[in-house]
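# Summary of the model geometry
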2 protein chains.
Amino acid sequence: MPVEPPHPAEDVLEHVGYRLKRAHAALRGAMDKALREHGLTVPQYACLEVLAARPGMSNADLARATFVTRQSMNVVMRGLEDAGLIDRPGTVETGRARPADLTAEGRRLLHAAQESVYAIEARMTRAVPGQRLAALLEDFDRIAQALDG
Amino acid sequence: MPVEPPHPAEDVLEHVGYRLKRAHAALRGAMDKALREHGLTVPQYACLEVLAARPGMSNADLARATFVTRQSMNVVMRGLEDAGLIDRPGTVETGRARPADLTAEGRRLLHAAQESVYAIEARMTRAVPGQRLAALLEDFDRIAQALDG
DNA sequence: TCAACTATGTCAAAGTCCTGACATTGATTA
DNA sequence: TAATCAATGTCAGGACTTTGACATAGTTGA
């Protein structure tokens with residue numbers, strides 16, 4: 001059992017950043033566990049999920065959407081491509097960006113994984129009082145915006 | 001410019017998990033940048049910060065407090081020890097847990113880093129309406145608790 | 001007492017992610 | 001038109017983190 005904080009109000013463990021980190025760690029852990037049963041990692045799942053909502057996104061697009069670097073997304077996509085879950089043209093008429101899309105197998109696996117992940121989402125949603133959910137989402141956005149600038 | 005979502009309400013990018021991830025990514029990025037100027041990584045800073053509030057914590061304690069594995073914290077602490085920022089006895093009378101403490105240099109560096117980090121904390125705090133801050137912290141805890149169980 | 005259980009520290013291997021760098025492509029501008 | 005700029009994909013290297021495993025130390029209960 002951890003020691004009790006001597007000065008709660010001044011303790012780091014009470015800070016916004018720490019709480020945010022804690023909530024994110026819990027989410028990450030739950031998703032890791034749920035996705036392992038489907039043979040997916042969190043970044044892989046995120047890539048499939050975004051790609052399902054926005055077909056034809058490029059590597060750089062997906063990297064921005066999932067908050068990783070282009071280089072990281074590059075290896076993620078190569079793994080997904082090797083596994084036959086996504087597909088993209090070897091060459092393209094104009095530009096360098098190759099639009100990616102889910103394969104039938106990718107769509108099937110995503111649907112299976114979504115059941116597990118959406119259950120986690122539901123646990124989060126139920127955990128916060130209903131009338132506060134919209135405000136919570138708004139606060140998330142405010143925080144992200146305040147720190148990105 | 002990213003494409004607009006076709007069905008906002010059903011889109012993943014609107015989900016709680018995605019927003020949480022986004023806010024956390026923004027925080028992580030801001031802290032990475034701020035701490036680099038002090039020669040610290042986020043896990044290293046987290047270790048020092050927790051250790052300042054709870055002197056004498058062991059490796060396993062710190063790992064739990066900062067949401068990483070014992071193994072990860074082990075390399076973090078070895079780095080901090082080599083850098084002369086923390087100190088712990090080579091052996092201990094009972095048990096295996098070696099209580100760690102900040103050195104004078106560690107305390108000095110932490111204080112310097114705290115200025116940068118607390119400025120980030122302040123940006124977050126200002127970004128959310130004052131009357132919502134307490135509810136936000138509470139919601140963070142509810143989410144963490146709902147997902148840890 | 002002794003066996004089972006839990007907790008801790010550590011090692012090894014693999015995966016993941018990042019920084020830095022470079023070449024290519026398209027857009028912008030002088 | 002030509003030069004500059006921004007964006008993309010990719011490679012290389014290193015840093016970080018995790019999973020898995022093992023030995024050690026303390027606790028619990030038969």
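Residues numbered from 1 in each chain as written. Chains lettered and ligands numbered in written order. Predicted model: local features only at pLDDT ≥ 70, side-chain atom pairs only at ≥ 80, totals over all residues. Heavy atoms only, no water.

## A look at the protein's contact with DNA strand D
Spelled out, the test is: Throughout this document, a residue counts as near a molecule or strand when at least one of its heavy atoms sits within 4 Å of that molecule or strand. Two N or O atoms count as a polar contact when they lie within 3.5 Å, although within protein this holds only if one can serve as hydrogen donor and the other as acceptor, and sequence-adjacent residues are included solely when both atoms are side-chain atoms. The numbering of helices and of strands both runs from the N terminus, where a helix is a DSSP run of H or I of at least 4 residues and a strand a run of E of at least 2. Note on residue categories: nonpolar means Ala, Val, Leu, Ile, Met, Phe, Trp, Tyr, Cys or Pro, charged means Asp, Glu, Lys or Arg, and polar means any other residue, Gly included.
Residues in close proximity to DNA strand D total 23 residues, the closest being A:Arg96, B:Pro43, B:Gln71, B:Ser72 and B:Gly95. At 3.1 Å from a phosphate oxygen of DNA strand D is found a main-chain nitrogen or oxygen belonging to B:Thr69. B:Gln71 places a side-chain nitrogen or oxygen 2.7 Å from a base oxygen of DNA strand D. Within the residue set of the surface near DNA strand D, elements represented by two or more residues are α3 (59-66) and α4 (70-82) of chain A together with α4 (70-82) of chain B. Class assignment for the residues of the surface near DNA strand D results in 5 nonpolar, 10 polar and 8 charged.

## Some words on the protein's contact with DNA strand C
Close to DNA strand C lie 23 residues; A:Pro43, A:Gln71, A:Ser72, A:Gly95 and B:Arg96 are nearest. Put simply, 57% of the atoms of DNA strand C that lie within 4 Å of the protein are in sugar or phosphate. In this structure, A:Gly95 approaches DNA strand C through a main-chain N or O atom, which is 2.6 Å from a phosphate oxygen. Here a base oxygen of DNA strand C sits 2.6 Å away from a polar atom, N or O, in the side chain of B:Arg96. Contributions of two or more residues to the surface near DNA strand C are made by α4 of chain A together with α3 (59-66) and α4 of chain B.

## Notes on the relation of the copies chain B and chain A
Where we set the bar: We superpose the copies by least squares over the C-alpha atoms of residues that have a pLDDT of at least 70 in both of them.
Taken as rigid bodies, chain B and chain A are interconverted by a rotation of 180° and an axial shift of 0.0 Å, the fit giving an RMSD of 0.0 Å. The relationship between the two copies is best expressed as a two-fold rotation axis.

## Notes on the confidence of the model for chain A
To keep it simple, the criterion reads: pLDDT measures the predictor's confidence residue by residue and takes values from 0 up to 100. Contact between two residues is taken to exist if any of their heavy atoms lie within 4.5 Å; hydrogens are not considered.
Taken over all residues, the pLDDT of chain A has a mean of 90, while the share at 70 or more is 91%. Of the regions scoring below 50 in pLDDT, residues 1-9 of chain A engages in 8 contacts with residues more than four places distant in sequence or in other chains.

## Focus: helix α2 (residues 42-53) of chain A
Residues and elements named next belong to chain A. Applicable threshold: Here, expected helix span is obtained from the residue count minus one, scaled by 1.5 Å. The classification of residues rests on relative accessible area computed with a 1.4 Å probe and restricted to protein chains. Under 20% of the type maximum is buried, over 50% is exposed, and intermediate values are partly exposed.
The terminal C-alpha atoms of α2 lie 17 Å apart, and with 12 residues this matches the ideal 16 Å at 1.5 Å per residue to within 8%. Burial runs high along α2: 10 of the 12 residues are buried. Buried within α2 we find Val42, Gln44, Tyr45, Ala46, Cys47, Leu48, Glu49, Val50, Leu51 and Ala53.

## What about the packing of aromatic side chains?
Spelled out, the test is: Two aromatic rings, drawn from Phe, Tyr or Trp (for Trp, its six-membered ring), form a pair once their centres lie within 6.5 Å of each other, and the interplanar angle then sorts them: stacked below 30 degrees, edge-to-face above 60, tilted otherwise.
Evaluated as defined, the whole model comprises 3 aromatic pairs over all chains. Arranged with centres 5.5 Å apart and planes meeting at 45°, the rings of A:Tyr18 and B:Phe67 form a pair that is tilted. Residue A:Tyr18 is located in helix α1 (residues 16-36), and its partner B:Phe67 is located in the loop between α3 and α4; the two belong to separate chains. Residue classification places B:Phe67 among the partly exposed positions, given a relative accessible area of 30%.

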